[in-house]
Amino acid sequence: MAILVTGGAGYIGSHTLVELLNSDQPVVVIDNLCNSSPEALKRVAAITGKNVNFYQGDVNDRGLLDKIFAEHSIESVIHFAGLKAVGESVSQPLRYYQNNVSGTLVLCQAMAAAGCFNLVFSSSATVYGDPQELPLTEQSPTGATNPYGQSKLMVELMLKDLAKSESRWNIALLRYFNPVGAHHSGQIGEDPNDIPNNLMPFISQVAVGKLSQLSVFGNDYDTPDGTGVRDYIHVVDLAIGHLKALAKLNQNPGLVTYNLGTGQGYSVLEMVAAFENASQRPVPYQVVARRPGDIAACYAQVSLAEQELGWRAQKTLEDMTADSWRWQSQNPQGYQD
């Protein structure tokens, strides 16, 4: 019995593949490679010494999904495939709803037709919108402030209705905070196409000389230094959280929701200082206007995942920055190297 991983060539997907394969779990991957590289899958195979069954295609392609389910005995699906840039979602909302919402709907239809009812969904802390209070618990009010977050929230609502309608469904909604870092080997990491949308790859590309300076989007937020505060989590800790969620689904819990973060917030300027310390390189930056849809601060209450999944983030800010720098310094052009 295999695990189908959608978006498995991407940043979080590739790290989760390593953890799955190292735990002797067969995997099948579908990815349209719109923001990922097949080289990541080659490196996953090199790291683990195990093969990855890969299908290039889109989760909106029902025919391809049916083919995958027919050719493999799939017991569970981890659904990463999704567009994730806040700013881009504001300028291209229909693309985000088509990919993130429609893609999940088609995937669930294909799963049901194949008799597969275990799903781990890659959601986001953006579903909480502008927090009314911190830290955020799984019961905190939701209300996204941008189309990316809205698309994740729409999928959550759809999956909740699905679980209510059919008791065979077991669904884990994993609300990520801000994944950073890389595999300790430096062989896989975050490699965004074009200009990065997330903070850590932007910082690391400035440190390695690929970009001239970091854009800090606003320094007038109600935070200690005026820059946005986020809960950053090491991608390997996050990947392990998915294995814990898969184990939870085997207990037939119905629908469950968990925050995956550290519970600690760091500002943009704190992240810059930590990365400069890890890399021993300067990271010049320029303050620019706020981005539409951004919020001042966001960090998690993570006790529920610890209680119910037996999971807690283990890696420190120093681990996050050191591993990010190892990946970037060894691969200054990302997977194109």
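Residues numbered from 1 in each chain as written. Predicted model: local features only at pLDDT ≥ 70, side-chain atom pairs only at ≥ 80, totals over all residues. Heavy atoms only, no water.

With that out of the way, let us pick up the nonpolar core. Within soluble globular proteins, side chains that are nonpolar generally end up buried alongside one another. Judged by nonpolar contacts, the single largest core of 41 residues is most densely connected at V120 and L174. Listed by contribution, the elements that provide at least two residues to this core are β1 (2-6), α1 (11-22), β2 (27-31), α2 (38-48), β6 (170-176), α8 (235-249), β10 (255-260) and α10 (303-309). Leave out the neighbours within four places in its chain, and V120 touches V77, I78, H79, A172, L174, H242, A245, L246 and L249. Counting residues in hydrophobic clusters, the runner-up holds 29 residues, among them V59, L65, F69 and I171. (Core = buried A, V, L, I, M, F, W, Y, C linked by side-chain atoms within 4.5 Å. Buried < 20%, exposed > 50% of the residue type's maximum accessible area, 1.4 Å probe, protein only. Helix = DSSP H or I, 4+ residues; strand = E, 2+ residues; numbered from the N terminus. Contact = heavy atoms within 4.5 Å.)

Let us look at the environment of L260. Take L260: it is sitting in strand β10. Residue classification places L260 among the buried positions, given a relative accessible area of 0%. Ignoring anything within four residues of it in the chain, the contact list for L260 reads L174, R175, Y176, F177, I233, L238, G241, A305 and W311.

Right, let's talk about helix α6 (residues 147-165) for a bit. Note that an α-helix has 3.6 residues per turn; residues three or four places apart therefore point the same way. Taking 1.5 Å as the rise per residue, α6 with 19 residues should run 27 Å; its terminal C-alpha atoms sit 27 Å apart, in good agreement. For α6, the full list of buried residues reads P147, Y148, G149, S151, K152, L153, V155, E156, L159 and A163. Where α6 is buried, its residues contact α4 (86-91), α5 (93-114), β5 (118-124), β6 and β10. (Expected span 1.5 Å × (residues − 1).)

Spatially, the 7 strands line up as an open sheet ordered β3-β2-β1-β4-β5-β6-β10, and their pairing is parallel. Two strands in the sheet have a free side with no partner beyond their single neighbour: β3 (53-56) and β10. The mean angle between the axes of side-by-side strands here comes to 15°, regardless of whether they run parallel or antiparallel. As defined by bridge partners, β2 adjoins β3 across 4 bridges and the pair is classed as parallel. Bridge pairing in β3 places I30 opposite Y55. Contacting β1, β4 (74-79), β5, β6 and β10, α8 crosses the sheet at an angle of about 160° to β6. (Pairing = 2+ DSSP bridges. Axes fitted to C-alpha atoms, helices over the stretch in contact; angles between N-to-C directions.)

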